[in-house]
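Fold and geometry: a report
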Amino acid sequence: MPLTLNKNIKASLFQGDGWNNISWIQNGIFFHVYSGSCSENELIAIANSMVNENPIKRTR
């Protein structure tokens, strides 16, 4: 199911048999979070929390 996270980031939410996962691309980095115990709403909240953080900067 397509959805929009914070900062207008497009994501895809998938339901499996006993698991859920969410994926998105932010600042050229692919993020994929999955869980066998989190609900869809919990995964969306986790993804939005991650989207709100500053991107990790490479130090080398």
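Up top you'll find the structure we're talking about.
One structure accompanies this document, and this report is about it. (Residues numbered from 1 in each chain as written. Predicted model: local features only at pLDDT ≥ 70, side-chain atom pairs only at ≥ 80, totals over all residues. Heavy atoms only, no water.)

1. Some thoughts on the sheet that holds strand β3 (residues 20-26)
How we decide: Between any two strands, at least two bridges found by DSSP are needed for them to pair. Note on conventions: DSSP H or I runs of at least 4 residues are helices, E runs of at least 2 residues are strands, and numbering of each starts at the N terminus. Note on method: axes are straight lines fitted to C-alpha atoms, helices fitted across the in-contact stretch only, with angles between N-to-C directions ranging 0 to 180 degrees.
Strand order in the open sheet made by the four strands is β1-β2-β3-β4, with antiparallel pairing throughout. Each edge of the sheet is formed by a strand with only one pairing partner; in this case those strands are β1 (2-5) and β4 (29-35). Each strand of the sheet is rotated relative to its neighbour by a mean of 25°, with strand direction disregarded. Relative to β4, β3 is paired through seven bridges, and the arrangement is antiparallel. Across the sheet, residue Ile25 finds its bridge partner in β4, namely Phe30.

2. Notes on the layout of surface pockets
Inclusion rule: A pocket, in this scheme, is an open set of points on a 1 Å grid over the protein atoms alone with protein on both sides within 12 Å along at least 5 of 7 lines, while a cavity is a set where a 1.4 Å probe fits but cannot get out; residues line either one if an atom lies within 4 Å of a point. Grid points are joined across faces, edges and corners, and a volume is the space filled by probe spheres set on the points. In this classification, the charged set is Asp, Glu, Lys and Arg, the nonpolar set is Ala, Val, Leu, Ile, Met, Phe, Trp, Tyr, Cys and Pro, and all remaining amino acids, among them Gly, are polar.
Considering only enclosed or pocket space, the largest pocket measures out at about 150 Å³ in volume. Taken together, Trp24, Gln26, Asn27, Ile29, Phe31, Met50, Val51, Glu53, Asn54, Pro55 and Ile56 make up the lining of the largest pocket. Each residue belonging to the lining of the largest pocket can be placed in one class, and the counts come to seven nonpolar, three polar and one charged.

3. Some words on the environment of Leu43
Applicable threshold: Whether two residues are in contact is decided by their heavy atoms, any of which lying within 4.5 Å being enough.
Among the secondary structure elements, Leu43 is positioned in helix α1 (residues 40-52). Along the chain, Leu43 and Ile56 lie 13 residues apart, while their C-alpha atoms are 21 Å from each other. Residues within four places of Leu43 in sequence aside, it is in contact with Asn20, Asn21, Ile22, Val33, Ser35 and Cys38.

4. Some words on the nonpolar core
Quick note on the threshold: We call a set of buried Ala, Val, Leu, Ile, Met, Phe, Trp, Tyr and Cys residues a nonpolar core when their side-chain atoms join them within 4.5 Å. Exposure is judged per residue with a 1.4 Å probe applied to protein chains only, and the accessible area is read against the type maximum: over 50% gives exposed, under 20% gives buried, and values in between give partly exposed.
Counting eleven residues, the largest nonpolar core consists of Leu3, Leu5, Ile9, Ala11, Leu13, Ile22, Trp24, Val33, Leu43, Ala47 and Val51. Looking at this core, the elements with two or more residues in it are β1, β2 (9-15), β3 and α1.

5. Quick notes on unusual backbone geometry
Phi is positive for Lys7, close to 60°, though the residue is something other than glycine. Within the fold, Lys7 resides in the loop between β1 and β2. A relative accessible area of 55% means that Lys7 is categorised as exposed. One non-glycine residue, Asn27, adopts positive backbone phi at about 55°. Within the element layout of this structure, Asn27 appears in the loop between β3 and β4.

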